[in-house]
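# Observations on the model geometry
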Amino acid sequence: MEYLRRYTRYRHRWALTGCMLISLFLFFICREEERAEQLPEQILLVYLAGDNNLSGESYQKLETIRSGWDGDPRSCILIWHDPKDAAPVLYTLVREEGVNRLQVLEEYAEESSADPAVLSRVVGRMREWYPRASSYGMLLFSHASGWLPEGALSQPTRSVLADGREEMELSDLAAALPDSLFDFMVFEACYMAGIEVAYELRHKTRYLLASSAEIVSPGFTHIYDDAINLLLQADLTGFARRAFGYFESGTGYINSATLSLIDTSGLEALAAFIGRYADRQKEVDIATLQHFDRTSYRLFFDFEDYYSRLVPVGEPREQLHRLVADCVPLRLATPYFMLHYNGFAIEKHSGMTTYVCQDAFPGLNEAYRHLQWGQW
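A brief look at the structure comes next. Predicted model, so just to flag it, every value in this text is computed and none were measured. (Residues numbered from 1 in each chain as written. Predicted model: local features only at pLDDT ≥ 70, side-chain atom pairs only at ≥ 80, totals over all residues. Heavy atoms only, no water.)

The subject of this paragraph is the overall build of the protein chain. From N to C terminus, the protein chain includes 11 helices and 15 strands. Going through the 376 residues of the protein chain one by one, you find that 53% of them count as buried. Put simply, 69% of the contacts in the protein chain that link residues at least 6 apart link residues at least 24 apart. Accessible area of the protein chain: about 17,800 Å², with a carbon and sulfur share of 51%. (Helix = DSSP H or I, 4+ residues; strand = E, 2+ residues; numbered from the N terminus. Buried < 20%, exposed > 50% of the residue type's maximum accessible area, 1.4 Å probe, protein only. Contact = heavy atoms within 4.5 Å. Areas by Shrake-Rupley, 256 points an atom, 1.4 Å probe, with all protein chains shown as cover.)

Following this line, the structure appears as C-alpha cells:
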C-alpha cells in the first residue's frame with residue numbers, strides 16, 4: 001500500500017511537471033508566432049555604393065530616405081551606406097515619438113561595396129533577419145556602365161557598381177544574388193536598361209526599373225521624401241512616374257531622362273524570337289540607329305530600332321514590337337537628353353538598349369560573347 005501511495009504521489013508530480021513543460025512550450029511557440037506576426041512584410045534593401053565622387057550625393061539620399069519613410073510597421077528599410085570618408089554601415093529606420101531615425105545594425109571595417117562577397121553578405125543578413133517577408137525589393141545607387149566589363153575601354157568604364165577604382169561587373173552582380181528573391185530591383189545608376197542587364201538578371205528579379213541613358217545628378221534624391229514609400233508598396237509605376245516628373249519639369253540639363261519598367265518574365269520569349277528570326281550577321285549602319293550615350297563612340301543603341309532591322313518585314317516585325325511591349329510595360333523619355341552638353345534627341349525609345357558589335361572594339365566584342373545574351 002505504501003508503494004502505491006508513493007507511486008500515485010510521484011505520478012501526480014510527473015503529470016504536473018509535464019503540464020508545466022507543455023505550457024511553457026506552448027507559451028514560447030505563441031511568443032514566437034506573435035514575434036513573427038510583428039515582423040515587417042515589405043523589405044526594401046537600399047545599397048548606396050558611394051565610395052567615389054558620388055559620396056556627397058549618397059549622404060543626401062540617406063537623409064531624404066530617412067525623412068521620407070512613413071513609419072508603417074509593416075515595412076522595413078535596410079540601408080547599406082558606404083561613403084568616401086567613412087567605413088560602411090548597415091542601418092535600418094525606426095520611428096520614435098513620431099520621428100524617423102537611423103539605427104545602426106552593423107558597422108564594418110573599410111571594405112569595397114563593389115566586392116560581390118560584400119553584397120552577398122548584406123543580402124544574406126537581410127534574409128536572416130526577415131526570412132518570412134512577403135516582398136523583397138532592392139535599390140542600388142552608384143556609378144554604372146550597364147554590362148560593360150571593368151576597364152574595357154581606354155577611359156574607365158564603371159560596370160555595375162564602383163568603389164574607388166574597384167568595380168563590380170554584371171555577371172558578378174548576378175552571381176551575388178539568390179534566384180527569385182527580389183520582386184524588383186531599381187537602378188539609380190546609368191545605362192542599366194540594357195537587354196544584356198535584364199537577361200542576365202532575369203532569374204534574380206521579376207521587375208527592373210532602370211535608365212537607357214545616364215541618370216542626371218542628383219538622380220532620385222529629391223523624390224525620396226515622398227516616393228520611397230511607393231517602393232515599399234512595390235508601386236514601381238508610381239515611383240517611375242514620380243521620378244520622371246521631377247526631370248520632366250526641370251530646366252536646362254535637368255530636363256533629361258529615360259526610365260523603363262522591364263518585366264523579365266517575357267525575356268525568354270523575346271530571346272527565342274530573336275534566335276529564330278534575327279539575322280545577326282546583317283550589316284547595319286550604326287550611325288542611323290538611336291543611341292543613348294554622349295561619348296564620341298556609340299555603345300548603347302535602342303533595342304527595337306536595331307533588331308527590327310534584323311528581322312523580316314511584315315508579321316515578324318510586328319511580333320517583335322509586341323514582344324518588346326510585353327517586356328517593357330512602361331517607358332518614359334524626354335524629347336532631348338542634355339542637348340547642349342554633347343547630347344542627343346530621343347526619337348525612338350523602346351525601353352531597352354543593346355550593344356552592337358563593332359570592329360573598333362574587339363575586346364568588347366569578345367566580352368559580349370560571355371554574357372548570357374551574347375551566347376548565340
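There's plenty left to go through after this.
As for its position among the elements, Gly-245 is in helix H7 (residues 236-248). The sequence separation of Gly-245 and Asn-255 amounts to 10 residues, and the corresponding C-alpha distance is 9.6 Å.

Sheet strands line up and pair through hydrogen bonds in the backbone, either parallel or antiparallel. Pairing in this open sheet of 9 strands is mixed, and the strands run S4-S3-S2-S1-S5-S8-S9-S10-S12 from one edge to the other. The open sheet has two edge strands with one neighbour each: strand S4 (99-107) and strand S12 (330-333). For this sheet the average axis-to-axis angle between neighbouring strands, irrespective of direction, equals 20°. Relative to S4, strand S3 (residues 89-96) is paired through 8 bridges, and the arrangement is antiparallel. Paired with Arg-95 across the bridge in S4 is Asn-100. Helix H3 (residues 116-129) rests against strand S1 (42-50), strand S2 (75-83), S3, S4, strand S5 (135-141) and strand S8 (182-188) of the sheet, and its axis sits at about 160° to S1. Across the sheet, helix H10 (residues 315-327) touches strand S10 (258-263) and S12, and the angle it forms with S10 is around 95°. (Pairing = 2+ DSSP bridges. Axes fitted to C-alpha atoms, helices over the stretch in contact; angles between N-to-C directions.)

Counting residues in each nonpolar core, the largest one holds 79 residues, and the members touching the most others are Phe-187, Leu-270 and Phe-303. Once residues within four sequence positions are removed from consideration, Phe-187 is found in contact with Leu-140, Val-160, Leu-173, Met-192, Leu-201, Leu-208, Leu-209, Ala-210, Ile-215 and Phe-220. In this structure, Ala-240, Ile-254, Ala-257 and Leu-330 belong to the second largest nonpolar core, which totals 45 residues. (Core = buried A, V, L, I, M, F, W, Y, C linked by side-chain atoms within 4.5 Å.)

It is worth spelling out the pattern of salt bridges at this point. If you walk through the whole model with that rule in mind, you get 17 salt bridges. In this structure, a network of salt bridges that share partners links the residues Glu-57, Lys-61 and Glu-188. (Salt bridge = Lys/Arg side-chain N within 4 Å of Asp/Glu carboxyl O.)

Time to look at the packing of helix H2 (residues 55-68) against helix H6 (residues 224-232). Remark: H2 packs on H6, axes separated minimally by 7 Å, with the N-to-C direction vectors making an angle of 70°. By the angle between their axes, H2 is roughly perpendicular relative to H6. Handedness of the H2/H6 crossing: right-handed. Residues Lys-61, Thr-64, Ile-65 and Gly-68 of H2 lie in contact with H6, whose contacting residues are Tyr-224, Asp-225, Ile-228 and Asn-229. Considering only residue class, the contact of H2 with H6 consists of 3 nonpolar, 3 polar and 2 charged. (Parallel < 35°, antiparallel > 145°, perpendicular 65-115°, else oblique. Left-handed = near helix turned anticlockwise from the far one by under 90°. Nonpolar A, V, L, I, M, F, W, Y, C, P; charged D, E, K, R; others polar.)

Moving on: the environment of Thr-353. Topologically, Thr-353 is positioned in strand S15 (residues 353-354). Residue Thr-353 is classed as buried on the basis of its relative accessible area of 0%. When the C-alpha positions of Thr-353 and Phe-300 are compared, they lie 5.7 Å apart, and in sequence the two are 53 residues distant. Sequence-distant contacts of Thr-353, defined by excluding residues within four places in its chain, comprise Ala-193, Gly-194, Ile-195, Glu-196, Ser-212, Phe-292, Phe-300, Phe-301, Asp-302 and Phe-303.

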